[in-house]
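# Structural characterization, general
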Amino acid sequence: MIPSVLPTYARAPLTFVKGEGSWLIEADGRRFLDLGAGIAVNSLGHAHPKLVAALGEQANALWHTSNLYNIPAQQKLADLLVEHTFADTAFFTNSGTEACELAVKMARKYWHDKDQPERVKIITFDGSFHGRSAAGIAAAGSEKMTKGFGPLLPGFIHLPFADHAAATEAMDATVAAILVEPVQGEGGIRPLPDACLKGLRDLCDETGTLLILDEVQCGMGRTGKLFAHEWAGIDPDIMMVAKGIGGGFPLGAVLATEDAARSMTAGTHGSTYGGNPLACAVGCAVMEEVASEDFLTEVNRKAGLLRQKLEGLVASHPDVFESVRGSGLMLGLKCKATNADVVKAGYDAEVLTVPAADNVIRLLPPLTITDDEIAEAVARLDLAALAVERGANA
Ligand SMILES: *Cc1c(COP(=O)(O)O)cnc(C)c1O
């Protein structure tokens, strides 16, 4: 008999009932150190007092009105995002995949309104992930996500990861945009080299093509800059944001320059919940913390500490791990053992990590993780690695 919850997830046998900072408490009382943060969502950890207060205050005042009316918290969040990024304007969604939908629509309508309606194609790269909507799976293009779901949204060109020559060759008068994650998340924590991102920006500039960045996972302070593309010193035309911006409340956004957004006039796009007062009140509280220079300096310092300890961990377990990769507090351990076995051994050691493609385990801790918790996390990963080694020798 089919379970009452549609069984599309292979869930671990864990049930968390409470969160405190970097910790999740299981129904049986065990305390797990959370290096997954709900897949880079709980950017400020669990039950951060400022987020709890912001949500509570808004909940007492007003939950929902609709985008038929002005929403003060939405206006404030848009102003904060415009102040701190390349963008001139923001549209709010409830998720990353909805941000992908709008980014694709915006890029196509841009060219339609410039009397070049044949420019509809969007270049994407192998190993990418852009959500599970019809546009999102067509954009990423991997058979794992698309197989069986009928005709795909046409117009995506899939190229090898970081292959600049292929991108140059694919560029013609039908290309509307390039869509790329500065650091691939689901694809196995694969940072696009800065030179590649700069090269794509140049290619777009030469051909008038729009550059769309998917910073749903790598954005919002995760890599030690507010947005990952800042490391490469370039700006996109359109950017997708979600996950960390809501700190656990469903919220996403599409940020854009005035030029890229010019065709999105009244009536061209909408969302019932997108930019709802509750979500935006929390989003403002997250932005006020994460966009501060001191906060990002701390992320970078702690990232250095974690990375150094992880290099030691890899060196002590050469049969389990191969290397550390990633950027800031978006780190991956490329495994020699099976990544799922390492994640599972982590459950026994009461530390949570997230598997990714390319046999990687992802470490995406709350950006507020403390030095002591970093030491404890690596000690628990060490226990997990020992258990994997014992299992292999048994
Ligand atoms: C998670 C993710 C998405 C999809 O976001 P949802 O909120 O799950 O719809 C899109 N792009 C990237 C890079 C992601 O990591």
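Residues numbered from 1 in each chain as written. Predicted model: local features only at pLDDT ≥ 70, side-chain atom pairs only at ≥ 80, totals over all residues. Heavy atoms only, no water.

### Regarding the overall build of the protein chain
For the protein chain, the helix and strand inventory stands at 12 helices and 17 strands. For 394 residues, the compact-globule formula gives about 21 Å, and the C-alpha radius of gyration of the protein chain, at 21 Å, lands near that figure. Looking at the protein chain as a whole, 53% of its 394 residues qualify as buried. When contacts within the protein chain are restricted to residue pairs at least 6 apart in sequence, those whose partners lie at least 24 apart make up 72%. Summed over all atoms, the accessible surface of the protein chain reaches about 17,300 Å², with 55% contributed by carbon and sulfur. The distance from the centre of the 33 positive side-chain charges to the centre of the 49 negative ones in the protein chain is 4 Å. (Helix = DSSP H or I, 4+ residues; strand = E, 2+ residues; numbered from the N terminus. Rg over C-alpha atoms; globule rule 2.2 N^0.38 Å. Buried < 20%, exposed > 50% of the residue type's maximum accessible area, 1.4 Å probe, protein only. Contact = heavy atoms within 4.5 Å. Areas by Shrake-Rupley, 256 points an atom, 1.4 Å probe, with all protein chains shown as cover. Lys, Arg positive; Asp, Glu negative; His and termini not counted. Charge placed at Lys NZ, Arg CZ, Asp CG, Glu CD.)

### Concerning the sheet that holds strand β1 (residues 16-20)
The four strands lie next to each other as β1-β2-β3-β15, forming an open sheet whose pairing is mixed. Among the strands making up the open sheet, the edge pair consists of β1 and β15 (351-352). Examined bridge by bridge, strand β2 (residues 23-26) and strand β3 (residues 31-34) share three bridges and lie antiparallel to one another. Residue pairing in the sheet places Trp23 in a bridge with Leu33 of β3. Packing against the sheet, helix α12 (residues 371-393) makes contact with β2, β3 and β15, and its axis sits at approximately 105° to β3. (Pairing = 2+ DSSP bridges. Axes fitted to C-alpha atoms, helices over the stretch in contact; angles between N-to-C directions.)

### Focus on the packing of aromatic side chains
On inspection of all chains with the given rule, the structure shows two aromatic pairs. Both rings, one in Tyr110 and one in Trp111, keep their centres 4.9 Å apart while their planes meet at 90°; by these two values the pair is edge-to-face. Residue placement shows Arg190 over the ring face of Phe161; its charged tip is 4.1 Å from the ring centre. In this structure, Lys225 packs its charged tip against the face of Trp231, placed 4.7 Å from the ring centre. (Phe/Tyr/Trp six-rings, centres within 6.5 Å; stacked < 30°, edge-to-face > 60°. Lys NZ or Arg CZ within 6 Å of the ring centre and 35° of its normal.)

### Notes on the pattern of salt bridges
All told, the structure shown has 15 salt bridges when counted by the stated rule. Residues Arg262 and Asp259 are paired through a salt bridge, measuring 2.4 Å at the closest nitrogen-oxygen approach. A relative accessible area of 35% means that Asp259 is categorised as partly exposed. Measuring nitrogen to oxygen at the nearest pair gives 3.3 Å for the salt bridge that ties Asp358 to Lys334. In this pair, Asp358 sits in the loop between β16 (354-356) and β17 (360-363) while Lys334 sits in strand β14 (residues 330-335), placing the two residues 24 residues apart along the sequence. A residue is classified by how much of its surface remains accessible, and Lys334, at 15% relative accessible area, is buried. (Salt bridge = Lys/Arg side-chain N within 4 Å of Asp/Glu carboxyl O.)

### Some words on the environment of Ala37
Locating Ala37 in the fold gives a position in helix α1 (residues 37-40). On the basis of relative accessible area, Ala37 is assigned to the buried category, the value being 0%. For the pair formed by Ala37 and Pro366, sequence separation is 329 residues and the distance between their alpha carbons is 5.7 Å. Once you skip the residues sitting within four places of it in the chain, Ala37 turns out to touch Asn42, Leu364, Pro365 and Pro366.

### A short note on the sheet that holds β16
Strands sit in the order β13-β14-β17-β16 across an open sheet of four strands; the sheet is antiparallel. Edge positions in the sheet fall to β13 (321-327) and β16, since each has one partner strand and no second. Sheet twist, expressed as the average angle between the axes of neighbouring strands with direction ignored, equals 30°. Relative to β17, β14 is paired through four bridges, and the arrangement is antiparallel. Counted as the bridge partner of Lys334 is Val360 from β17.

### Topic: helix α2 (residues 49-61)
A rise of 1.5 Å per residue sets the reference length of α2, with its 13 residues, at 18 Å; its end C-alpha atoms lie 18 Å apart and thus fit the reference within 8%. The complete set of buried residues in α2 reads Leu51, Ala54 and Gln58. Down the axis, α2 shows its buried residues gathered within 65° of arc, on one side only. Of the residues in α2, the exposed ones pointing more than 90 degrees away from the buried face are Pro49, Glu57 and Asn60. Looking at the buried positions of α2, the neighbouring elements they touch are α9 (277-290). (Expected span 1.5 Å × (residues − 1). Arc of directions from axis to C-beta.)

### A short note on the site of the ligand
What surrounds the ligand is the set Ser95, Gly96, Thr97, Phe129, His130, Gly131, Glu181, Asp214, Val216, Gln217 and Lys243. Between the ligand and Phe129, the relevant distance is 3.2 Å, taken from a nitrogen atom to a main-chain nitrogen or oxygen of the residue. (Near = heavy atom within 4 Å. Polar contact = N/O pair within 3.5 Å; in protein donor to acceptor, adjacent residues only side chain to side chain.)

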